[in-house]
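A look at the structure
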2 protein chains.
Amino acid sequence: MLKKTAVSLIGRIRDSANRLIISELEKHGVEGIVPSHGDILACLYQNGPVTMKDLAEYIHRTKPTVTVLVNKLVELGYVTREKDAGDNRITYINLTEKGVALQPVFNEVSARLNAIIYCGLTETEGENFEKLLENILRRF
Amino acid sequence: MLKKTAVSLIGRIRDSANRLIISELEKHGVEGIVPSHGDILACLYQNGPVTMKDLAEYIHRTKPTVTVLVNKLVELGYVTREKDAGDNRITYINLTEKGVALQPVFNEVSARLNAIIYCGLTETEGENFEKLLENILRRF
DNA sequence: TATTGTAAGTTAGATATCTAACTATTTAAA
DNA sequence: TTTAAATAGTTAGATATCTAACTTACAATA
């Protein structure tokens, strides 16, 4: 018998994941960073300098939100803004040394989070879970 | 091969679900209501008058958040506050007629959302999915 | 070339959410 | 009985998020 609790559970898992990320980062002495900031840093670790527009797409947030998030990361010294030489509308976001230095911490937090999510699942079950989530997302 | 995308997908499904709820409610002429307001109304539909404290527990939000959410629902005319006669610290939240009248709309939106989530799953698969989500949540 | 449109980014204003601090009331302990 | 502790709820202040409107720069078309 279905309980129809999936939506609620998904919301609560997201909340729990966000809290865990914030508290793990604080344990490593990193303060003022929330998961969306982490998404931005993750994008920069993977792709190098990225425009505001591409950042917004990557982290699935609007451009004004990304402006606010990047402002914060600039204040905290993790990234810098840089105007594109050819097209003056475009701003590239770059990691600073401090930003680069954060990568091992992020990998650790990420591993801890994925351990909680995937723990107890076989490889196949994990793959099926991911496929199921992808299919759900596609139906919206 | 695991992609380790589950956390990200869960976050995006939540965002999509929230957007769907808001847009479906607006289609029915209901404005200014977000999913957390819906959680409060759902609690009232199921349990009748409830205290602020119990509401907070039920919807997994803090008391100050519930205060804000209830303020909004009062402004919009869906609920009223009522002091407990015996213990003056306690406030009960009651549905108004307008609040009760919203129940069918909520049921419809809820059905639409669950159709998206559970569509394509057999009964057993749905149950396993719910169990999996419950287990993940328990591990945090 | 001038005008019109499009694209990138920020600013403004609103809101849900949190933590911390506060008020008011009830309960417990001295 | 008086004082201390616990409980219910709100207020204050901060922040991430959104939509709408704005600015600036480039592109296209007349």
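Per chain, residues are indexed from 1 in the order of the written sequence. Lettering for chains starts from A, numbering for ligands starts from 1, and both go in the order in which the items are written. For this predicted model, a pLDDT threshold of at least 70 governs which residues receive local features, and a threshold of 80 or more governs which side-chain atom pairs are given and counted, while totals over whole chains, interfaces and linings are taken from all residues. Excluding hydrogens and water, the side-chain figures rest on all heavy atoms present in the structure.

As annotated in an unreviewed UniProt entry, chain A is HTH-type transcriptional regulator MhqR from Pelotomaculum propionicicum.

**Examining the UniProt feature "domain: HTH marR-type" (unreviewed entry) in chain A**
Let me state the cut-off plainly: UniProt positions are given in the numbering used here, feature names are shortened, and annotations may be inferred rather than shown by experiment. Helix and strand assignments follow DSSP, with helices taken as H or I runs no shorter than four residues and strands as E runs no shorter than two, numbered in order from the N terminus.
UniProt tags residues 1-138 of chain A as "domain: HTH marR-type" (unreviewed entry). For residues 1-138 of chain A, helix accounts for 67% and strand for 9%, while the C-alpha atoms at its two ends are 25 Å apart.

**With respect to the domain arrangement of chain A**
All names here are of chain A. This is how it is decided: Domain segmentation is taken from an automatic or database assignment of domains. Buried area: the accessible area, evaluated with a 1.4 Å probe, that two parts lose upon being put together, summed over both parts. In the sections that follow, a salt bridge refers to a side-chain nitrogen of Lys or Arg positioned within 4 Å of a carboxyl oxygen of Asp or Glu. Within 3.5 Å is the distance limit for a polar contact, defined as a pair of N or O atoms, with the added protein rule that one can donate a hydrogen and the other accept it, and that residues adjacent in sequence qualify only through two side-chain atoms. When residues are grouped by polarity, Ala, Val, Leu, Ile, Met, Phe, Trp, Tyr, Cys and Pro land in nonpolar, Asp, Glu, Lys and Arg in charged, and all others, Gly among them, in polar.
Along its sequence, chain A is carved into domain 1 (7-30 + 102-140) and domain 2 (33-98). Between the C-alpha centres of domain 1 and domain 2 the distance comes to 22 Å. Where domain 1 abuts domain 2, roughly 780 Å² becomes buried across the two surfaces, and 70% of that area is made up of carbon and sulfur atoms. It is Leu102, Gln103 and Phe106 that lose the most area in domain 1 upon contact with domain 2, and together they represent 54% of the buried surface on that side. Here domain 1 is connected to domain 2 by 0 salt bridges. Taken together, the links from domain 1 to domain 2 amount to 2 residue pairs in polar contact (both at pLDDT 80 or more). Mapped by element, the contributors of at least two residues to the side of domain 1 that touches domain 2 are helix H1 (6-27) and helix H6 (103-118). With 5 residues, H1 is the largest single contributor of residues to the side of domain 1 that touches domain 2. When the residues that make up the side of domain 1 that touches domain 2 are grouped by side-chain class, the tally is 6 nonpolar, 2 polar and 1 charged.

**Structural notes on the sheet that holds strand S1 (residues 50-51) of chain A**
Residues and elements named next belong to chain A. Spelled out, the test is: In this description, strands pair whenever DSSP reports at least two bridges between them. The contact rule is simple, with two residues in contact once any of their heavy atoms fall within 4.5 Å. Helix axes are fitted only over the stretch in contact, all axes being lines through C-alpha atoms; the angle between N-to-C directions runs from 0 to 180 degrees.
Overall, antiparallel pairing links the 3 strands, which are arranged S1-S3-S2 in an open sheet. Strand pairing shows two members of the sheet lacking a second neighbour, S1 and strand S2 (79-83), which therefore form its edges. With 5 bridges connecting them, S2 and strand S3 (residues 91-95) associate as antiparallel partners. By the bridge assignment for S3, Val79 is matched with Leu95. Packing of helix H2 (residues 35-47) onto the sheet brings it into contact with S1, S2 and S3, and relative to S3 it is tilted by some 85°.

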